[in-house]
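Structural overview for review
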Amino acid sequence: MSSDLTDLKSFDYVIVGGGNAGLVAAARLVEDPIITVCVLEAGEDVTHLPDIIIPGLSFKNMGNPNFDWSFQSTPQVNANDRTIHLLRGKGLGGSTILNFMELARGHEEEYDAFETLGAKGWNWKSLLEYFKKSETFTVSSNDMERFGATVNPLFHGTEGPLHRTMSKWICDAHMPFLKTLESLGIPFNPDCSSGSNTGIFHAGHAIDPIEASRSSSATAYYEPVKAKRNLKVITGARATQILLKKDDVPRTVVAQGVNFIKDGKELTVYCRKEVIISAGTFQTPQLLELSGIGSKATLDKYGIPVILDLPGVGENLQDHFWCPFTAVMDSKYESFEVLANPERAVQEMELYEKSKSGMMSTAASSIFAFIPPTKFLSDIDVVRSSLKSVIASTPGQQKAIDIQKAWFENDNIGHLEFAPFPGFMPAPGKAPVPGKHYFSLFAGLLHPFSRGTVHINSSSILDAPNIDLRVLDNEADLEMMVQAIKFSRKVIRNQPLSGMITEEVIPGPEIESDEDIKDWIRNIIQTTFHPIGTAAMVPLEDGGVVDAELKVYGTSNLRVVDASIIPIQISSHTQATVYAIAEKAVDIIKGSMRS
Ligand SMILES: Cc1cc2nc3c(=O)[nH]c(=O)nc-3n(C[C@H](O)[C@H](O)[C@H](O)COP(=O)(O)OP(=O)(O)OC[C@H]3O[C@@H](n4cnc5c(N)ncnc54)[C@H](O)[C@@H]3O)c2cc1C
Ligand SMILES: *[C@@H]1O[C@H](CO)[C@@H](O)[C@H](O)[C@H]1NC(C)=O
């Protein structure tokens, strides 16, 4: 539909943020022809740019201001005062146009914890229906043979908009990685979508099986409905404030519309039913605070009139943290270093264009291991005793941390994410030697105990918020990471991987003692771009921001639908869960519409 602004008026629903969740909500709502929806997206429509759509090019986009917000954290006191680069997709599709296309679900106990923490009806069983509703899983006979993939309809969707496929191209280290980890006691998991994602599994990707192109919320949800007359999507539209009115009887705050800037002009769009904020974990709390919903102390600091004193806004930030581990691999095995040869790079591109195969056709990581504590920790007692250093700042956080401690002891859920990457991973002070081939391990903490914050840093939406990850704010996370590095060393010394690898380069053998490894970690630790939790769906008295219907406490028609509502981190890349949350949200919204 045209984005001619002269016909702007009011819509049933105004959605802020045409990202992962926002476009799911929009596309599902406009299925009903009498419902009108307006989406405001700050970025542009970049869906079909080659750098976005060709899976093998996805790494090029990190930091590109045309489609990455490229936030920086505040200086992290426990990481040598470094700021950490925080990528976020900007444009239709949001982070699904920038991400690495891994598409997987967490563990059923993690979703059940949403309900334990107070969100009635949010559990694995109910979300499974929405995981399935969101996707079409396509499996070739080759996938069945090579990966043992199955299409059990209990767990896999067949009619959803989003594509999920297995890797078309896998690196030479893929199967050796599997064999080596199996020899270390980590079991193969034949279906990570079934509610248990623990163990080693072949990855699924948000990639179209025929075109071998990225499947994003823009291609999957928006494009099929974009011509509908009841949908209006405005790109280049930056929401500055939700318009709120206080009603005395009943005592509630009503959202009336949204102010936004487009082409330097200040405009307003009004809602007849609801405003839905889907601006993501960093910008949703920012917009709430700028609209007068947040802790009074924060709002007072920037002279923003307090409409609702809601101290949970922007608290409870959780992410996954990781460190690289890189070794030299025998050059007879292929790695991404081969693409440094221009001739080979052209060949790979031609292969992609002609047969939709080769290195460009797939996401970088084709296999993962999600490893429970006792399987990678060499000294569990050190971590156990450091758990007392974990800090909670709200009752809800304390409850979530208690659940995490139970998971740590039960040894059933992955705490370390481990994935092979056929190439060098950047690290300060280290550079690849031309001509050499590298093998890296991605070692990430799936359940770090740290809790950060996101708050405004000025009274303008045009200034980035203050994002304090509080990475390594407790000893337990640091100890787990130290032991993850030691485990990485063990992995590359075991067959068959050991037969392919010659020497470790990152961290490097010179970094040996625990103290040295800790210093190195503080200098390099970064996030995997899975932030959640800053508009947490927990009870108000526990520090919550939204209720189990995703309505902001104290409002009658303002909802949050995006990753910020997730109350406790999951052992998974986050996009599949965001798709499922948005699908469920629409059913909740439609349900409340009928009543
Ligand atoms: C580099 C990177 C790699 C990742 N890799 C993976 C992966 O491989 N697998 C996986 O599962 N997950 C991955 N993730 C995470 C995953 O993509 C996100 O968790 C998920 O897509 C977030 O969805 P969302 O709807 O919460 O936010 P987003 O998709 O980020 O959407 C928010 C949208 O709101 C817009 N917006 C913000 N503020 C405003 C405003 N004021 N006015 C108007 N619009 C606004 C933004 O431009 C954006 O389009 C990755 C993320 C990144 C950044
Ligand atoms: C926050 O504001 C201060 C003071 O204006 C500035 O120095 C700092 O860089 C800002 N932080 C971010 C994340 O923009």
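By the naming in an unreviewed UniProt entry, the protein chain goes by pyranose dehydrogenase (acceptor) and is assigned to Crucibulum laeve. If you open the UniProt record of the protein chain and go to Cofactor (unreviewed entry), you find "FAD".

For the protein chain, the helix and strand inventory stands at 16 helices and 23 strands. Here the C-alpha atoms of the protein chain give a radius of gyration of 23 Å, agreeing with the 25 Å that 2.2 N^0.38 yields for 595 residues. Each principal axis of the C-alpha distribution contributes one length, and for the protein chain these read about 70 × 55 × 45 Å. Summarising the internal contacts of the protein chain: among those between residues at least 6 apart in sequence, 74% fall at separations of at least 24. Once the 54 positive and 72 negative side-chain charges of the protein chain are each reduced to a mean point, those two points are 4 Å apart.

Glancing now at the UniProt feature "active site" (unreviewed entry) in the protein chain. The sites that UniProt annotates as "active site" (unreviewed entry) are H530 and H573. Look at the named residues: they lie 44 residues apart in sequence, but the longest C-alpha span between them is just 6.7 Å, so in the fold they bunch up. Tracing the chain through its elements places H530 in the loop between β22 (526-527) and β23 (558-560). Look past the residues within four positions of H530 in its chain and what remains in contact with it is Q318, D319, H320, Q569, S572, H573 and T574. Relative to the helices and strands, H573 resides in the loop between β23 and α16 (575-594). Judged by its relative accessible area of 16%, H573 falls in the buried class. Beyond its immediate chain neighbours, meaning those up to four positions away, H573 contacts E102, A104, F368, F370, E417 and H530. One polar contact links H573 to E417, side chain to side chain, over a distance of 2.6 Å.

A few words now on the packing of helix α14 (residues 475-492) against helix α15 (residues 514-524). For the pair α14 and α15, the least separation of the axes is 10 Å and the interaxial angle reads 105°. The pairing of α14 with α15 is recorded here as roughly perpendicular in orientation. The segment α14 lies against α15, with E475, L478, E479, M481, V482, I485, K486 and R489 engaging D514, I517, K518, W520, I521 and R522. Of the residues contributing to the contact of α14 with α15, the split by class is seven nonpolar, no polar and seven charged.

Glancing now at the site of ligand 1. Taken together, the neighbourhood of ligand 1 is formed by 39 residues, with N20, E41, S95, E102 and T574 sitting nearest. Here an oxygen atom of ligand 1 sits 3.2 Å away from a polar atom, N or O, in the main chain of M101. At the level of secondary structure, the elements contributing two or more residues to the shell around ligand 1 comprise α1 (20-29), β2 (37-41), β10 (237-247), α8 (280-290) and α16. If one sorts the elements of the shell around ligand 1 by residue count, β10 sits on top with three residues. Classifying every residue of the shell around ligand 1 by side-chain character gives 16 nonpolar, 17 polar and six charged.

Any aromatic ring pair is given by two values, namely how distant the centres are and how the planes are angled relative to each other. By the definition in use, this model includes 18 aromatic pairs. Relative to F421, the ring of F59 lies with its centre 5.9 Å away and its plane at 65°, an arrangement referred to as edge-to-face. Here F421 lies in strand β17 (residues 416-421) and F59 lies in the loop between α2 (50-53) and β3 (71-72), a separation of 362 residues in the sequence. F59 sits in the partly exposed class, given a relative accessible area of 39%. With centroids separated by 6.1 Å and ring planes inclined at 35°, the aromatic side chains of F201 and F368 adopt a geometry described as tilted. Linking F201 in strand β7 (residues 199-202) with F368 in strand β16 (residues 367-371), this pair joins segments that are 167 residues apart in sequence. Feature note: the residues F59, F100, W169, F336 and F421 constitute an aromatic cluster, connected by ring pairs. Positioned over the ring face of F137 is R164, at 3.9 Å from the centre of the ring. Here the basic side chain of K356 rests over the ring of Y352, its NZ or CZ set 4.5 Å away from the ring centre.

This next bit is on the site of ligand 2. Every residue near ligand 2 is listed here: N457, P465 and N466. N457 places a side-chain nitrogen or oxygen 2.4 Å from an oxygen atom of ligand 2. Notes on ligand 2: free accessible area 360 Å², of which the protein chains cover 34%.

Below, the discussion takes up helix α13 (residues 395-410). Along its 16 residues, α13 runs 23 Å from first to last C-alpha, staying within 8% of the 22 Å computed at 1.5 Å per residue. Those residues of α13 not exposed but buried are G396, Q397, A400, I401, I403, Q404, W407 and F408. The arc that holds the buried residues of α13, viewed along the axis, is 160°, so those residues lie on one side. Residues of α13 that are buried make contact with α3 (108-116), α11 (373-376), α12 (380-386) and α14. The first or second residue beyond α13 is D411, which carries a positive phi of 65°.

Looking now at the pattern of salt bridges. Within this structure, the stated rule accounts for 27 salt bridges. E135 is the partner of R105 in a salt bridge, and the nearest nitrogen-oxygen pair spans 3.1 Å. With a gap of 30 residues between them, R105 in the loop between β4 (85-86) and α3 and E135 in strand β5 (residues 135-137) connect regions that are remote in the sequence. A salt bridge links K430 to E510; its shortest N-O distance comes to 3.1 Å. Of this pair, K430 sits in the loop between β17 and β18 (437-445) while E510 is found in the loop between β21 (501-506) and α15, placing the two residues 80 residues apart along the sequence. K430 gets classed as partly exposed once you look at its relative accessible area, which sits at 29%. Look at E510 and you get exposed, because its relative accessible area is 51%. It is possible to trace a salt-bridge network through shared partners that takes in R28, E31, K133, E583 and K590.

As annotated by UniProt and renumbered to match this structure, "domain: Glucose-methanol-choline oxidoreductase N-terminal" (unreviewed entry) occupies residues 280-294. Helix makes up 73% of residues 280-294 and strand 13%, with an end-to-end C-alpha separation of 16 Å.

Before going further, it helps to examine the sheet that holds β5. Overall, mixed pairing links the three strands, which are arranged β5-β6-β8 in an open sheet. Looking at strand neighbours, the two that pair on one side only are β5 and β8 (204-205), the edges of this open sheet. Of the strands in this sheet, β5 and β6 (162-166) touch helix α4 (residues 124-134), which is tilted by about 70° from β5.

Calculation notes
Residues numbered from 1 in each chain as written. Chains lettered and ligands numbered in written order. Predicted model: local features only at pLDDT ≥ 70, side-chain atom pairs only at ≥ 80, totals over all residues. Heavy atoms only, no water. UniProt positions renumbered as here; feature names shortened; annotations may be inferred. Helix = DSSP H or I, 4+ residues; strand = E, 2+ residues; numbered from the N terminus. Rg over C-alpha atoms; globule rule 2.2 N^0.38 Å. Contact = heavy atoms within 4.5 Å. Lys, Arg positive; Asp, Glu negative; His and termini not counted. Charge placed at Lys NZ, Arg CZ, Asp CG, Glu CD. Buried < 20%, exposed > 50% of the residue type's maximum accessible area, 1.4 Å probe, protein only. Polar contact = N/O pair within 3.5 Å; in protein donor to acceptor, adjacent residues only side chain to side chain. Axes fitted to C-alpha atoms, helices over the stretch in contact; angles between N-to-C directions. Parallel < 35°, antiparallel > 145°, perpendicular 65-115°, else oblique. Nonpolar A, V, L, I, M, F, W, Y, C, P; charged D, E, K, R; others polar. Near = heavy atom within 4 Å. Phe/Tyr/Trp six-rings, centres within 6.5 Å; stacked < 30°, edge-to-face > 60°. Lys NZ or Arg CZ within 6 Å of the ring centre and 35° of its normal. Areas by Shrake-Rupley, 256 points an atom, 1.4 Å probe, with all protein chains shown as cover. Expected span 1.5 Å × (residues − 1). Arc of directions from axis to C-beta. Salt bridge = Lys/Arg side-chain N within 4 Å of Asp/Glu carboxyl O. Pairing = 2+ DSSP bridges.

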